[in-house]
Amino acid sequence: MRFKTKAVHLGQEKDPAYGATIPPIYLSSTYTHENLGKHKGYEYCRSGNPTRASLEGLIAGLEQADYGLAFASGMAAAQSIFSLLDDKSHVILSQDVYGGTYRLVSQLLPSQGIECSLVDTTDITAIMGAIKNNTKLILIETPTNPLLKIMDIKAIKKAVGSKILLVVDNTFATPYYQTPLKDGADIVFHSSTKYLSGHSDVVGGLVVVNDKEIYEKLKFIQNTTGAVPSPFDCYLTIRGIKTLPLRMEAHSSNAQMIADYLKQNPKSEIVYYPGYSGIVSFRIKGGLAQSKKFLESLKLFSLAESLGGVESLASLPAKMTHATFSQEQRNTLGITENLIRLSVGIEDIKDLISDIKQALSRAS
Ligand SMILES: *Cc1c(COP(=O)(O)O)cnc(C)c1O
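Below is a short write-up of the structure. (Residues numbered from 1 in each chain as written. Predicted model: local features only at pLDDT ≥ 70, side-chain atom pairs only at ≥ 80, totals over all residues. Heavy atoms only, no water.)

**Details of the sheet that holds strand E9 (residues 279-284)**
Pairing is mixed across the open sheet formed by five strands, whose spatial order is E8-E9-E12-E11-E10. At either end of the open sheet lies a strand with only one pairing partner, and these are strand E8 (268-272) and strand E10 (302-303). In the packing of helix H10 (residues 244-264) onto the sheet, contacts are made with E8, E9 and strand E12 (339-343), and the angle to E8 comes to roughly 150°. Across the sheet, helix H11 (residues 288-297) touches E9, E10, strand E11 (313-315) and E12, and the angle it forms with E9 is around 135°. (Pairing = 2+ DSSP bridges. Helix = DSSP H or I, 4+ residues; strand = E, 2+ residues; numbered from the N terminus. Contact = heavy atoms within 4.5 Å. Axes fitted to C-alpha atoms, helices over the stretch in contact; angles between N-to-C directions.)

If you want it as structure tokens, here you go:
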């Protein structure tokens, strides 16, 4: 099956009880055994649930992975991945990694004996320079947030070798544009809160791997720590994924047109867009006052964090998603007060551009 067909059909076997075309949501927390030691594969919902298993099979299929696992959030997925490590491990993190991942690694993991280095992972020499004897894992995002820098997953894996786990957060690209396991990543995870569910109404995380041993360890961690998604959230995510290819094409084509528009508008200084997916960042001419005026003048774009939903959102990373970073860190990352991030939705492009146009003219 090709991608679009998989998105609609994987894990959606017809219901054997009544022939329901859309499989029912299995809400039951427990499963009745036929007799002692005999059941149909499910015993208790934290350990396994048919609706969750459908979602896990679906994401594995889309990422061309052998195994998938679903978690209660992207951060629960990340925490489970770090739980694979022994204490006294060292990890390398992209310096512009998602703020929540940075908080986890910098504030929670040190007490578990795991230390981290923040590195510009677009630079392979910098990665190699940061590797220590106890480096066990490197985590990257590509494209990055909010400057949409791109990394060469194959080259990074080749440089760091097989002893260091390469983890890729694939939230921004989605498997529609990028399947990092094929490029040598060992573990891929998602905040399915974003593009995969796609309608800003679910919080969830997904992990895919090919290695059976890593899968079994993660499955053990998933069951042991219990950060599992509800069956209803799994159902909403499956439903969202059915239209992932259509939405990603619409997000990308709208985002490309907005990037082109911003490039020729003299009120924007510089535009960042990698050519796919729906996030566009730009620097408005001026500073905080102009950013504030622009964001408050938008009518269609909501001033909000998060991304990946069908509706368009705008944010000011310096004061929102990256507000907890120090001024110094923000300077290093180029997150200035005139840097605006747009999560471009699937509305009519003419309406989106006229909204940006009127807000830009008010801002100057
Ligand atoms: C949102 C996000 C996360 C965290 O996921 P949650 O579902 O909010 O826990 C991780 N990585 C990226 C790139 C994100 O955008």
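**A look at the pattern of salt bridges**
Inspection of every chain in the model, using the stated rule, returns 12 salt bridges. A salt bridge links Lys 212 to Glu 216, with the shortest nitrogen-to-oxygen separation between them at 3.5 Å. One end of the pair, Lys 212, and the other, Glu 216, are both in helix H8 (residues 212-225), four residues apart, so they sit about a helical turn from each other. With a relative accessible area of 43%, Glu 216 lands in the partly exposed category. For Lys 217, the salt bridge is made with Glu 213, and the minimal N-O distance between the two is 3.9 Å. Here Glu 213 and Lys 217 lie together in helix H8, a separation of four residues that amounts to about one turn. Assessed through its relative accessible area of 43%, Lys 217 is described here as partly exposed. Overlapping salt bridges, with partners in common, bring together Glu 34, Lys 38 and Lys 40 in one network. (Salt bridge = Lys/Arg side-chain N within 4 Å of Asp/Glu carboxyl O. Buried < 20%, exposed > 50% of the residue type's maximum accessible area, 1.4 Å probe, protein only.)

**Side note on the site of the ligand**
Neighbouring residues of the ligand: 13 residues in total, closest Gly 74, Asp 169, Ser 191, Thr 193 and Lys 194. Within the contact set of the ligand, an oxygen atom lies 2.8 Å away from a side-chain nitrogen or oxygen of Ser 191. With respect to the ligand, the side chain of Lys 194 contributes an N or O atom lying 2.7 Å from an oxygen atom. If the ligand stood free it would expose 380 Å²; the protein chains cover 92% of that surface. Broken down by class, the residue content of the shell around the ligand amounts to four nonpolar, six polar and three charged. (Near = heavy atom within 4 Å. Polar contact = N/O pair within 3.5 Å; in protein donor to acceptor, adjacent residues only side chain to side chain. Areas by Shrake-Rupley, 256 points an atom, 1.4 Å probe, with all protein chains shown as cover. Nonpolar A, V, L, I, M, F, W, Y, C, P; charged D, E, K, R; others polar.)

**Some points on the pairing of strand E3 (residues 115-119)**
Here strand E2 (residues 90-94) pairs with E3 via five bridges, running parallel. Considered in E3, the bridge of Val 91 is made with Cys 116. Handedness of the crossover joining E2 and E3 through helix H4 (residues 99-108) is recorded here as right-handed. (Right-handed = clockwise from strand over helix to strand, strands pointing away.)

All quantities given are derived from atomic positions and should not be read as evidence of function.
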